[in-house]
Amino acid sequence: MTQQPPPAGAAGPSGHPDGAARPPDLPERVATLYGAYDLSTVPAFAGGFINFGYWARVPHTAGRRLTEADRVRSEQDLYRLVLDTFGGPRGRTALEVGCGRGLGCALALREYGLGAVTGLDAHPDQIARAREVNAELLDGPARDAGRLEFVLGAAERLPLPDGCVDCVYSVEAAQHFRALPAFAREAARVLRAGGRLALTTFFARTPAAARELPALLPPYADGLDVPYVVDEVAAELAAAGLREVAVRAIGEEVWEPYDRYLAQQAAPRDRWARRYLTAYETGLLDYYLLTASAAG
């Protein structure tokens with residue numbers, strides 16, 4: 001497996017272009033990479049979390065070779081960075097939108113003591129993987145009964161009732177959402193009064209940058225990602241009725257260490273995955289942590 005997803009139109013494991021049939025309501029590229037190819041198996045995403053990682057808490061990274069254990073730690077720490085924004089969520093309920101294999105949901109239960117976590121993903125293969133990977137938790141002792149579930153659904157149409165969770169979070173998934181304003185409204189709807197939202201991923205810095213990104217990074221050109229502009233995302237959260245919307249740029253602790261990790265791997269080092277650092281250094285995109293509160 002290469003360090004980045006295969007090119008659009010490549011044959012999947014079945015031998016057919018782009019793998020298995022596309023699930024309904026999913027763009028072809030999203031369906032392929034999270035279905036037949038299983039992006040979580042790509043070496044660049046060691047550990048299966050499928051995010052670029054937050055490296056500030058990985059110890060002693062300067063001047064040494066970064067290991068696979070460091071890479072996994074960075075991916076876990078991105079989840080911890082998000083979950084820390086909830087200020088001690090023990091006993092509360094949470095929804096992760098774009099849960100993938102559900103590893104972040106399990107981390108939230110294990111380390112943060114949440115009362116219950118629902119993992120939602122738009123791809124049926126990801127939901128199946130999440131249930132398989134977390135079978136021990138799902139089928140565990142009575143004390144774990146009902147604390148974890150995985151649900152198929154789209155970020156723009158959350159299959160949950162109004163005011164049902166205390167926390168909504170999403171880790172490196174919002175760049176795939178087809179209608180981010182609809183997600184903002186849905187997040188506000190399912191949050192209880194005073195609940196919290198935390199969202200982290202990469203966004204364009206300006207509208208001009210959003211127009212340039214597809215020429216540099218294939219995921220924006222082939223339909224995998226949407227070049228949302230960070231200020232526009234924050235505005236949509238506020239327009240949905242969320243309050244205290246805050247934006248924090250964290251790219252300094254994402255892009256350079258991630259690129260350095262890729263550069264140290266045995267796979268070819270000149271593939272497009274390393275262009276994210278170029279996009280960051282030239283001011284086109286950054287990695288952000290956005291937080292907001294539901295009305296009390």
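In what follows, the structure referred to is the one given above.
These remarks concern the structure in this document. (Residues numbered from 1 in each chain as written. Predicted model: local features only at pLDDT ≥ 70, side-chain atom pairs only at ≥ 80, totals over all residues. Heavy atoms only, no water.)

Here we look at the overall build of the chain
Item 1. Helix and strand counts for the chain stand at 11 helices and seven strands.
Item 2. Here the chain, with 296 residues, has 55% of them falling under the buried criterion.
Item 3. In the chain, 75% of the contacts between residues at least 6 apart in sequence involve partners at least 24 apart.
Item 4. With an accessible surface of roughly 12,100 Å², the chain has 52% of that area assigned to carbon and sulfur atoms. (Helix = DSSP H or I, 4+ residues; strand = E, 2+ residues; numbered from the N terminus. Buried < 20%, exposed > 50% of the residue type's maximum accessible area, 1.4 Å probe, protein only. Contact = heavy atoms within 4.5 Å. Areas by Shrake-Rupley, 256 points an atom, 1.4 Å probe, with all protein chains shown as cover.)

Remarks on the sheet that holds strand β4 (residues 165-171)
Sheets are built from strands paired through backbone hydrogen bonds, the pairs being either parallel or antiparallel.
Item 1. Ordered by their spatial adjacency, seven strands build an open sheet running β3-β2-β1-β4-β5-β7-β6, and the pairing between neighbours is mixed. Across the chains shown, the open sheet's two edge strands, defined by having one partner strand only, are β3 (148-152) and β6 (243-249). Taken pair by pair, the neighbouring strands of this sheet meet at an average axis angle of 15°, ignoring direction.
Item 2. Note that β4 and strand β5 (residues 191-204) share six bridges and pair parallel. Paired with cysteine 167 across the bridge in β5 is arginine 196. (Pairing = 2+ DSSP bridges. Axes fitted to C-alpha atoms, helices over the stretch in contact; angles between N-to-C directions.)

Some thoughts on the pairing of strand β2 (residues 116-121)
Two faces, one strand: in a regular strand the side chains alternate between the faces of the sheet.
Item 1. Of all the six residues making up β2, six are buried; the element is thus mostly covered by neighbouring parts of the structure.
Item 2. Burial along β2 is two-sided: Ala116, Thr118 and Leu120 facing one way and Val117, Gly119 and Asp121 facing the other are all buried.
Item 3. Direction of pairing for β2 relative to β3: parallel, over a ladder of five bridges. Looking at β3, one finds that glycine 119 is bridged to phenylalanine 150.

Comments concerning the environment of arginine 189
Item 1. Within the element layout of this structure, arginine 189 appears in helix α6 (residues 180-190).
Item 2. In this structure arginine 189 comes out as partly exposed when scored by relative accessible area, which is 25%.
Item 3. In the structure, arginine 189 is positioned 53 residues away from leucine 242 in sequence and 9.7 Å away in space, judged by C-alpha atoms.
Item 4. Residues in contact with arginine 189, not counting those within four places in the same chain, are Leu158, Leu160, Pro161, Asp162 and Gly163.
Item 5. There is a polar contact of 2.8 Å between the side chain of arginine 189 and the backbone oxygen of leucine 160. (Polar contact = N/O pair within 3.5 Å; in protein donor to acceptor, adjacent residues only side chain to side chain.)

Thoughts on the packing of helix α2 (residues 68-84) against helix α3 (residues 103-112)
Item 1. Interhelical geometry of α2 versus α3 gives an angle of 60° and a closest axis separation of 10 Å. Of the possible angle classes, the one that applies to α2 and α3 is oblique. Crossing angle aside, the handedness with which α2 passes α3 is right-handed. Contacts between α2 and α3 involve Gln76, Tyr79, Arg80, Leu83 and Asp84 from the former and Gly104, Leu107, Ala108, Glu111 and Tyr112 from the latter.
Item 2. Class assignment of the residues belonging to the contact of α2 with α3 gives a composition of five nonpolar, two polar and three charged. (Parallel < 35°, antiparallel > 145°, perpendicular 65-115°, else oblique. Left-handed = near helix turned anticlockwise from the far one by under 90°. Nonpolar A, V, L, I, M, F, W, Y, C, P; charged D, E, K, R; others polar.)

Details of the pattern of salt bridges
Item 1. Throughout the structure, instances matching the rule amount to 17 salt bridges.
Item 2. Between arginine 80 and glutamate 111 there is a salt bridge; the shortest N-O distance is 2.8 Å. Within this pair, whereas arginine 80 is found in helix α2, its partner glutamate 111 is found in helix α3, the two being separated by 31 residues in sequence.
Item 3. For arginine 80, a relative accessible area of 15% gives the class buried. (Salt bridge = Lys/Arg side-chain N within 4 Å of Asp/Glu carboxyl O.)

Some details on the side chain of aspartate 38
Item 1. Checked against the element boundaries, aspartate 38 lands in the loop between α1 (28-33) and α2.
Item 2. At 3.4 Å, the side chain of aspartate 38 forms a polar contact with the side chain of arginine 129.
Item 3. What aspartate 38 contacts, discounting residues up to four positions off in sequence, is Leu33, Arg101, Gln126 and Arg129.

Describing α2
Item 1. Between the first and last C-alpha of α2 there are 24 Å, a value that for 17 residues agrees with the 24 Å anticipated at 1.5 Å per step.
Item 2. By the burial criterion, the buried members of α2 are Asp70, Arg71, Val72, Ser74, Glu75, Asp77, Leu78, Tyr79, Arg80, Leu81, Val82 and Leu83. (Expected span 1.5 Å × (residues − 1).)

Here's the deal with the layout of surface pockets
With a probe scaled to a water molecule rolled over the atoms, the places where space remains empty come into view.
Item 1. When its volume is computed, the largest pocket comes out at roughly 640 Å³.
Item 2. Around the largest pocket sit 38 residues that line it, and Leu26, Val30, Asp121, Ala122 and His123 are the ones nearest its centre.
Item 3. Sorting the residues of the lining of the largest pocket by element identifies α3, β2 and α4 (124-133) as the ones contributing at least two each.
Item 4. The residue makeup of the lining of the largest pocket, split by class, is 21 nonpolar, 10 polar and seven charged. (1 Å grid on protein atoms, 1.4 Å probe; cavity = no way out; pocket = protein on both sides within 12 Å on 5 of 7 lines; lining within 4 Å. Points joined across faces, edges and corners; volume = space filled by probe spheres on them.)

A word on unusual backbone geometry
Item 1. If you check the backbone angles, aspartate 38 has positive phi at about 50° while not being a glycine.
Item 2. Notably, histidine 60 is not glycine yet its phi reads approximately 55°, a positive angle.
Item 3. Within the secondary structure, histidine 60 sits in the loop between α1 and α2.
Item 4. What makes histidine 60 exposed here is its relative accessible area of 70%.

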